[in-house]
Amino acid sequence: MAMAMADTQTKETIVFTYGTLKRDFPNYTLIQDLILQNDAAYIGTCITHQSHPLVIGPHGIPFLIKLPGAGHHVNGELYCVSTRGLARLDEFEGTSNGHYERLPIQVTKTENKGEGSDIVLSEAEAYYAHRSFGERLWEKRGRIGLSEYSQNNAKEYVKKEDRDKDVSFLDSIEMLLSKS
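First, a word on scope: everything that follows refers to the structure included in this document. These numbers were taken from a predicted model, which means no experiment stands behind them.

Rules and cut-offs
Residues numbered from 1 in each chain as written. Predicted model: local features only at pLDDT ≥ 70, side-chain atom pairs only at ≥ 80, totals over all residues. Heavy atoms only, no water. Helix = DSSP H or I, 4+ residues; strand = E, 2+ residues; numbered from the N terminus. Contact = heavy atoms within 4.5 Å. Buried < 20%, exposed > 50% of the residue type's maximum accessible area, 1.4 Å probe, protein only. Core = buried A, V, L, I, M, F, W, Y, C linked by side-chain atoms within 4.5 Å. Pairing = 2+ DSSP bridges. 1 Å grid on protein atoms, 1.4 Å probe; cavity = no way out; pocket = protein on both sides within 12 Å on 5 of 7 lines; lining within 4 Å. Points joined across faces, edges and corners; volume = space filled by probe spheres on them. Nonpolar A, V, L, I, M, F, W, Y, C, P; charged D, E, K, R; others polar. Phe/Tyr/Trp six-rings, centres within 6.5 Å; stacked < 30°, edge-to-face > 60°. Lys NZ or Arg CZ within 6 Å of the ring centre and 35° of its normal.

### Some words on the environment of Ile144
- For Ile144, the location among the structural elements is in the loop between helix 3 (134–140) and helix 4 (151–154).
- Sequence-wise, Ile144 and Leu54 are 90 residues apart; in three dimensions their C-alpha atoms are separated by 8.4 Å.
- Those residues in contact with Ile144 that sit more than four places away from it in its chain are Val55 and Trp138.

This is how it looks when you write it as structure tokens:
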């Protein structure tokens, strides 16, 4: 892949980002840091091979939901990430806390080949809304999703350090889901 890592035993994972981790979005600084530490490399833009729901939850947080065939084809970016970088992303996304789940996804990207271009199907991993609330969030949003998390959506995003410290992430999800 595109990374020159010192440890040849390091496994690289292709990660699909669709929200705040994309370039020029609120949490891209984490990706930048991974790139500077040689733990990530940008591959390019892509779109999900199948449609998936993409909705905005509390604090303006985007959630991809594991319901292939529903929603839209979602635009995003691909990064090649080292094992160490993946651990940092998992921590950021709260995979051990039931916030997101990192699961396989197929994406397509266009590769220019001289005079033409080819559509290439790639295997990647994405951070999906945890199964404990993902489908309910899709229902709460009226089964209406986005094809892309935009700069306009990002204006609603509240960084972790600026959120109410007395309300947990999962409690904020449940509060949103319980509103009539």
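### Side note on the side chain of His52
- Position of His52 relative to the elements: it lies in the loop between strand 2 (40–48) and strand 3 (54–56).
- His52 gets classed as buried once you look at its relative accessible area, which sits at 2%.
- Filtering out sequence-adjacent residues up to four positions away, His52 remains in contact with Leu64, Ile65, Leu67, Pro68, Ala70, Gly71, His72, Val74, Ile105 and Tyr128.

### Structural notes on the nonpolar core
- In this structure, Phe16, Phe63, Leu64, Leu89, Ile105, Phe133 and Leu137 are the most contacted members of the largest nonpolar core, which totals 45 residues.
- Ranked by residue count, the leading element in this core is strand 7 (residues 116–129), at 5 residues.

### Observations regarding the pairing of strand 5 (residues 75–82)
- Of all 8 residues in strand 5, 7 are buried, a share of seventy percent or more.
- Bridge count for strand 1 (residues 12–17) against strand 5 is 6 bridges, and the pairing is antiparallel. Counted as the bridge partner of Ile14 is Cys80 from strand 5.
- Note that strand 2 and strand 5 share 7 bridges and pair antiparallel. Looking at the pairing, Cys46 lines up with Gly76 of strand 5.

### Quick look at the layout of surface pockets
- If you add up the space inside the largest pocket, you get close to 420 Å³.
- For the largest pocket, the lining is made up of 27 residues, of which Ile61, Phe92, Lys160, Arg163 and Phe169 are closest to its centre.
- Residue assignment for the lining of the largest pocket shows that the elements contributing at least two residues are strand 1, helix 2 (83–93) and helix 5 (169–178).
- Looking at the lining of the largest pocket, the element that brings in the most residues is helix 2, giving 3 residues.
- Looking at the lining of the largest pocket residue by residue, the class counts come to 11 nonpolar, 10 polar and 6 charged.

### A look at the packing of aromatic side chains
- With the rule as written, the count across this model stands at 6 aromatic pairs.
- Taking the centre distance of 5.6 Å and the plane angle of 40° together, the rings of Phe25 and Tyr149 count as tilted. Taken as a pair, Phe25 in the loop between strand 1 and helix 1 (28–36) and Tyr149 in the loop between helix 3 and helix 4 lie far apart in primary sequence, 124 residues in all.
- One aromatic cluster is present, built from ring pairs that chain together Phe63, Tyr100, Phe133 and Phe169.
- A cation over a ring is seen here: Lys22 above Phe25, with NZ or CZ 4.6 Å from the ring centre.
- Its guanidinium or amino end placed over the ring of Phe92, Lys160 lies 4.2 Å from that ring's centre, counting from NZ or CZ.

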